[in-house]
Amino acid sequence: MSETLERWGSKRAFILAVTGAAVGLGNIWRFPYVAGENGGAAFLLIYVAFVLLLGIPVMMAEILIGRAGRRGPIQALGALAAQAGASPNWRWLGLFGALTVFCILSFYSVVSGWSIEFLVASINGQFNGASAAEIGAGFETFLANPGLLIFNHSLFLFMTMTVVAAGVSKGLERLNNLLMPLLYALLLLLAVYAATTDGFSTALAWLFLPSFDALTPTVVLHAMGHAFFTLAVGACALMAYGAYMPEEQSLPKAAFAVAALDISVALLAGIAIFSVVFAQGMDPAEGPGLMFVTLPIAFSELPGGAIWLSVFFLLLLLATWTSAINLAEPMVATLQGLGLRRSISTAIVAFSVWLMGLLSAFSFSTLAEFRPLFGRNIFELVSSIPPDVFLPLGGLLIATFAAWVMPHNAAVSALGMGERGYRLWRNIVRWVSIPLTFIVLLGGLL
Ligand code: PHE
C-alpha cells in the first residue's frame with residue numbers, strides 16, 4: 001500500500017516538475033509577441049506542428065537519457081556513451097546545454113522582473129482608469145529606467161537562486177501546480193471577455209486563418225525555436241528531471257500531457273492579447289512589450305480589474321519562477337559535478353547570470369543602439385539566438401544521441417513503451433525529427 005502511494009507521489013511529482021519548467025514566460029509573453037512579429041496564423045500552425053513532430057519526440061529523448069543515466073546531464077551522457085562504446089565527448093553536450101540556459105536565464109530574469117514591477121503597480125492601482133495610450137507610454141518610461149529594471153532583475157534572480165541553493169523546488173512546484181488552474185481560469189475569463197470586444201473576430205482570423213505569403217525560412221526557424229523554448233527542451237534541463245523519474249511511468253503520456261497544457265495556455269493568452277491589439281488598433285508586431293501593454297488594458301475594462309490584474313501577475317510570476325529554477329539547475333549541477341559545493345556553485349551562477357542580465361536591462365536605454373551582431377542589440381540577441389538556434393541544435397544532438405548512439409536495451413527500458421513502441425518513437429526521431437530540425441536550422445541560418 002505505502003509503496004503504491006509513494007510511487008503515485010513521485011509520478012505526480014515528475015509531471016509537476018516538467019509542467020513547472022514548461023509553462024512560463026514562453027506561453028504568455030513570448031508566444032504572442034513572436035507570433036505577432038511573424039505573421040500570426042502561419043507561425044502558430046507551424047509551431048504546433050513542430051511541437052508534435054519535434055518537441056514531443058525530442059522531449060522524450062531528453063528525459064529518456066536522464067532516466068537511463070540516473071545522474072546529472074554531463075555524467076549521464078558520459079556514462080551512456082561509454083556503455084555504447086561511443087566518444088566520451090558526448091558529455092560536452094551537457095556543457096552546451098548549460099551555456100544555453102545561461103544566456104536564456106539572463107534575459108528571462110529581466111523580463112520576469114517586469115512582472116514584479118507590474119504586480120506592484122497593479123496592486124497600487126496604477127492602471128485604474130488609465131487609457132490604452134497612457135498604459136503604453138508608462139511601459140516605455142519604465143523600460144527607459146535601467147535602475148528599475150536592474151532592481152527587479154536582481155530581486156527575481158535572488159528569489160530563484162535562493163530556492164535553487166536550498167534545493168526546495170518540490171514545494172514550489174506543488175504550489176505552482178495548485179495555482180496553475182487558477183492562471184488557466186483567469187486566461188479563460190480574459191478570452192471570454194475578449195469575445196465581447198470588436199477585436200475578437202479579427203484576432204481569431206489573424207491567429208487561425210493562415211496566409212503563407214509572408215512565410216520565410218526565418219519565420220519557420222522562429223517557430224521551431226519557440227517550440228523548443230516553450231517546452232523547455234534542448235538544453236538538457238529536462239534531462240536532469242528524468243533521473244528521478246519512476247520506473248513504470250509512461251514517458252509519452254507525460255510528454256503529451258505537458259505539451260497539450262502548454263499549447264492551450266499560449267492559445268488563451270494569444271486570443272486575449274490579440275483581441276485587445278485589434279480592438280485598440282495596435283500593431284501585432286509591437287515587440288516584447290505586447291503582453292505588458294495589452295493585458296492591463298484588457299483587465300482595466302473588467303469589473304474589479306485591478307484585483308484580477310494583480311492576481312494575474314502574481315500567478316505569472318509563480319509560473320516564471322519555476323521555469324527559472326529549471327533554467328538555473330543544470331548550471332549549478334554542472335559546477336557541482338566539477339567538485340564545487342552547492343552553495344558556491346549557486347553563488348557563481350547567480351553572479352554571472354546577474355552580470356549578463358545587466359546587458360539586457362541596459363538594452364532598452366543606454367545600450368539600445370549598441371548592435372554588435374545582425375543589427376540587433378544585446379537583448380534582441382540573447383532573446384532570439386539561444387532559443388532559436390542553441391535549443392534546436394542541442395535538441396538535434398540530444399535526439400541523435402538517444403536514437404542513434406545509446407545502447408539499445410538501456411533506451412528501450414528507459415522509454416518504457418516496449419520494443420514496438422520504442423521502434424516507433426525511434427523511427428520518428430531518426431527520420432522525422434532529426435532531419436527536420438537540421439533542415440530548418442540550415443535554411444533559417446542561410
Ligand atoms: N519553457 C520555459 C517557458 O516557456 C522556458 C524554458 C526554456 C525553461 C528552456 C527551461 C529551459 O517559459
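Model, not experiment: these values are computed from the prediction.

Basis of the calculations
- Residues numbered from 1 in each chain as written.
- Predicted model: local features only at pLDDT ≥ 70, side-chain atom pairs only at ≥ 80, totals over all residues.
- Heavy atoms only, no water.
- Phe/Tyr/Trp six-rings, centres within 6.5 Å; stacked < 30°, edge-to-face > 60°.
- Lys NZ or Arg CZ within 6 Å of the ring centre and 35° of its normal.
- Near = heavy atom within 4 Å.
- Polar contact = N/O pair within 3.5 Å; in protein donor to acceptor, adjacent residues only side chain to side chain.
- Areas by Shrake-Rupley, 256 points an atom, 1.4 Å probe, with all protein chains shown as cover.
- Helix = DSSP H or I, 4+ residues; strand = E, 2+ residues; numbered from the N terminus.
- Expected span 1.5 Å × (residues − 1).
- Buried < 20%, exposed > 50% of the residue type's maximum accessible area, 1.4 Å probe, protein only.
- Contact = heavy atoms within 4.5 Å.
- Salt bridge = Lys/Arg side-chain N within 4 Å of Asp/Glu carboxyl O.
- Disulfide = S-S within 2.5 Å.
- Axes fitted to C-alpha atoms, helices over the stretch in contact; angles between N-to-C directions.
- Left-handed = near helix turned anticlockwise from the far one by under 90°.
- Nonpolar A, V, L, I, M, F, W, Y, C, P; charged D, E, K, R; others polar.
- pLDDT = per-residue confidence, 0-100.
- Parallel < 35°, antiparallel > 145°, perpendicular 65-115°, else oblique.
- Bend = angle between axes of the 7 residues up to and from the residue.

1. Digging into the packing of aromatic side chains
What the rule picks out here adds up to 30 aromatic pairs. Taking the ring centre of Phe229 as reference, the NZ or CZ of Arg30 above it sits at 4.9 Å. When the ring centre of Trp404 is taken as origin, the NZ or CZ atom of Arg430, which lies over that ring, is 3.6 Å away.

2. Brief notes about the site of the ligand
Surrounding the ligand, one finds 13 residues, the nearest of these being Ala22, Leu25, Gly26, Tyr108 and Phe229. Here a nitrogen atom of the ligand sits 3.2 Å away from a polar atom, N or O, in the main chain of Thr230. Protein contacts shield 100% of the accessible area of the ligand, which totals 330 Å² for the unbound molecule. Looking at the shell around the ligand, the elements with two or more residues in it are helix 1 (2-22), helix 2 (25-37), helix 10 (217-231) and helix 14 (305-337).

3. With respect to helix 4 (residues 73-84)
A rise of 1.5 Å per residue sets the reference length of helix 4, with its 12 residues, at 16 Å; its end C-alpha atoms lie 16 Å apart and thus fit the reference within 8%. Taken together, the buried positions of helix 4 are Pro73, Ile74, Ala76, Leu77, Gly78, Leu80 and Ala81. Buried residues belonging to helix 4 abut helix 3 (41-69), helix 5 (92-123), helix 11 (237-242), helix 14 and helix 17 (385-405).

4. Thoughts on the pattern of salt bridges
Per the stated rule, a full pass over the model turns up five salt bridges. Across the pair Glu329 and Arg342 runs a salt bridge whose closest N-O atoms are separated by 3.0 Å. Linking Glu329 in helix 14 with Arg342 in helix 15 (residues 342-362), this pair joins segments that are 13 residues apart in sequence. Of the charged contacts, one joins Glu419 and Arg423 as a salt bridge, the two residues approaching to 3.0 Å between their closest N and O atoms. In this pair, Glu419 and Arg423 are both assigned in helix 19 (residues 418-445), four residues apart and thus about one turn of the helix distant.

5. Some details on the environment of Leu207
Along the polypeptide, Leu207 turns up in helix 9 (residues 200-208). For Leu207, a relative accessible area of 1% puts it in the buried group. Residues Leu207 and Trp431 lie 224 residues apart in sequence; the distance between their C-alpha atoms is 30 Å. Setting aside its immediate chain neighbours within four residues, Leu207 contacts Phe31, Ala41, Leu44, Gly270, Ile271 and Phe274.

6. Side note on the state of the cysteines
Applying the stated criterion across every chain, the model contains zero disulfides. In this structure Cys103 is not part of a disulfide, and its nearest cysteine sulfur, from Cys236, lies 14 Å away. The class for Cys103 is buried, based on a relative accessible area of 9%. For Cys236, a relative accessible area of 1% translates into the label buried.

7. Focus on the environment of Val389
Tracing the sequence through the fold places Val389 in helix 17. According to the relative accessible area criterion, Val389 is buried, its value standing at 14%. With residues up to four places along the chain from it excluded, the contact list for Val389 reads Ser384, Leu441 and Leu445.

8. A short note on the packing of helix 3 against helix 17
At a minimum axis separation of 9 Å, helix 3 and helix 17 run at an interaxial angle of 65°. As helix 3 packs across helix 17, the resulting crossing turns out to be left-handed. Contacts between helix 3 and helix 17 involve Val58, Ala61, Glu62, Leu64 and Ile65 from the first element and Gly395, Ile398, Ala399, Phe401 and Ala402 from the second. Residues of the contact of helix 3 with helix 17, tallied by class, amount to eight nonpolar, one polar and one charged.

9. Some points on the side chain of Ser323
Within the secondary structure layout, Ser323 lies in helix 14. Looking at Ser323, its side chain comes within polar contact range of the main-chain oxygen of Ala21, at 3.1 Å. Of note is the side chain of Ser323, whose polar atom sits 3.1 Å from the backbone oxygen of Val23.

10. Here's the deal with the confidence of the model for the protein chain
The predicted coordinates ought not to be read in detail in places where the model reports low pLDDT. Taken over all residues, the pLDDT of the protein chain has a mean of 89, while the share at 70 or more is 97%. Mean pLDDT values for the elements of the protein chain range from 67 in helix 1 up to 96 in helix 17. The model gives residues 1-8 a pLDDT under 50, and that stretch makes one contact with residues more than four places away or in other chains.

11. A closer look at the packing of helix 3 against helix 18 (residues 408-415)
How two helices sit against one another is set out by the angle between their axes and by the gap between those axes. For the pair helix 3 and helix 18, the least separation of the axes is 9 Å and the interaxial angle reads 110°. Classed by the angle they form, the pair helix 3 and helix 18 counts as roughly perpendicular. In contact with Met60, Leu64, Arg67 and Ala68 of helix 3, helix 18 contributes Ala410, Ala411, Ala414 and Leu415.

12. As for helix 19
Taking 1.5 Å of rise per residue, 28 residues should cover 40 Å, and helix 19 covers 38 Å from first to last C-alpha, within 8% of that figure. Val429 marks where helix 19 bends most, by close to 35°. Three or more residues of helix 19 are buried, namely Gly421, Tyr422, Trp425, Arg426, Val429, Arg430, Ser433, Ile434, Thr437, Val440, Leu441 and Gly444. In this fold, the buried residues of helix 19 make contact with helix 3, helix 10, helix 17 and helix 18.

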